[in-house]
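Here is what each chain is made of, one letter per residue.
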Amino acid sequence: MKLIEKAAEAQKNAHAPYSKFNVGSAVVGESGKIYVGCNVENSSYPAGICAERVAITQAITQGEKSIKELAIIASSDKPCMPCGICLQVISEFASPDLEISLASKDQSKVQKLKLKDLLPHAFNKSFLK
Ligand code: THU
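Residues numbered from 1 in each chain as written. Predicted model: local features only at pLDDT ≥ 70, side-chain atom pairs only at ≥ 80, totals over all residues. Heavy atoms only, no water.

What about the nonpolar core?
Counting residues in hydrophobic clusters, the biggest one holds 19 residues, and the most contacted among them are Val-27, Ile-67, Leu-70, Ile-90, Leu-98, Ile-100 and Leu-115. Taken together, the elements giving at least two residues each to this core come down to strand E1 (23–29), helix H2 (51–61), strand E3 (67–74), helix H3 (84–93) and strand E4 (99–103). Once residues within four sequence positions are removed from consideration, Ile-67 is found in contact with Val-27, Val-28, Gly-29, Ile-56, Ile-90, Phe-93, Ala-94 and Leu-98. Counting residues in each nonpolar core, the second largest holds nine residues, with Ile-4, Val-28, Ala-71 and Ile-73 among its members. (Core = buried A, V, L, I, M, F, W, Y, C linked by side-chain atoms within 4.5 Å. Buried < 20%, exposed > 50% of the residue type's maximum accessible area, 1.4 Å probe, protein only. Helix = DSSP H or I, 4+ residues; strand = E, 2+ residues; numbered from the N terminus. Contact = heavy atoms within 4.5 Å.)

Topic: the site of the ligand
Near the ligand you find Ser-19, Phe-21, Val-23, Asn-39, Glu-41, Cys-50, Ala-51, Glu-52, Met-81, Pro-82 and Cys-83, and these make up its full shell. Contacts to the ligand include Ala-51, whose backbone N or O atom sits 2.9 Å from an oxygen atom. Measuring from an oxygen atom of the ligand, one finds a side-chain N or O atom of Glu-52 at 2.5 Å. Here the residues of the shell around the ligand sort into seven nonpolar, two polar and two charged. (Near = heavy atom within 4 Å. Polar contact = N/O pair within 3.5 Å; in protein donor to acceptor, adjacent residues only side chain to side chain. Nonpolar A, V, L, I, M, F, W, Y, C, P; charged D, E, K, R; others polar.)

Re the pairing of strand E5 (residues 110–114)
Inspection of the sheet shows E4 paired to E5 by five bridges, in the antiparallel sense. Paired with Ala-103 across the bridge in E5 is Val-110. The turn joining E4 and E5, which pair antiparallel and follow one another in sequence, is formed by six residues; a positive phi near 65° is taken by Gln-107. (Pairing = 2+ DSSP bridges.)

Focus: the sheet that holds E1
Taken together, five strands build an open sheet; the order of strands is E2-E1-E3-E4-E5 and the sheet is mixed. Strands at the two margins of the open sheet, each flanked by one partner only, are strand E2 (34–38) and E5. Adjacent strand axes in the sheet meet at a mean angle of 20° when their direction is disregarded. With respect to the sheet, H2 is in contact with E1, E2 and E3, its orientation differing from that of E2 by roughly 145°. (Axes fitted to C-alpha atoms, helices over the stretch in contact; angles between N-to-C directions.)

Details of unusual backbone geometry
The backbone phi angle of Lys-20 is positive, close to 55°, even though this residue is not glycine. Considering the arrangement of structural elements, one finds Lys-20 in the loop between helix H1 (3–11) and E1. Residue Lys-20 is classed as exposed on the basis of its relative accessible area of 64%.

Describing the packing of aromatic side chains
Taken as a whole and assessed by the stated rule, the structure comprises two aromatic pairs. Where Tyr-18 meets Tyr-45, the ring centres are 5.5 Å apart and the plane angle is 45°; that geometry is what we call tilted. A residue pair is termed long-range when its members are at least 10 positions apart, and Tyr-18 in the loop between H1 and E1 and Tyr-45 in the loop between E2 and H2 qualify at 27 residues. Classification of Tyr-18 by relative accessible area gives partly exposed; the value is 41%. (Phe/Tyr/Trp six-rings, centres within 6.5 Å; stacked < 30°, edge-to-face > 60°.)

Describing the pairing of E3
Within E3, six of the eight residues are buried, which leaves the element mostly enclosed by the surrounding structure. Note: E1 against E3, seven bridges, orientation antiparallel. Within the sheet, the bridge partner assigned to Gly-29 lies in E3 and is Ile-67. Of the strand pairs in this sheet, E3 and E4 are connected by four bridges, and their pairing is parallel. For Ile-73, the partnering residue across the bridge sits in E4 and is Ala-103. A crossover connection joins E3 to the parallel E4 through H3; in handedness this β-α-β unit is right-handed. (Right-handed = clockwise from strand over helix to strand, strands pointing away.)

See below:
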């Protein structure tokens, strides 16, 4: 099954009663295993979390140290871009060359963009010295 289809399966479990914007994500860890996530909103709005961060934290919790593929699908007519917070989290665990697959709701449009093009000047641990 294609990674975007795994993301679409996870999207079905999105808890998004406030925005009604359902998102699913799937990542491949360095081991080759796939981890998925959906957005999980909260009545206290800032407590919600994006699908990408759920998928990545699942991977890291299972012992992965990095991710080598990432797919996102959202209930929008055009492919949905990861938010700034998610880009920062992705950059913690992926190479700048990571290719991110972004799909529209019916998967008719799939865009592939590199992390380094979405977040060209990332903050990272080199600044903490
Ligand atoms: N959302 C994601 O899950 N991923 C994104 O890349 C963009 C936004 C979620 C957060 C919130 O639950 C809803 O979409 C609307 O912003």
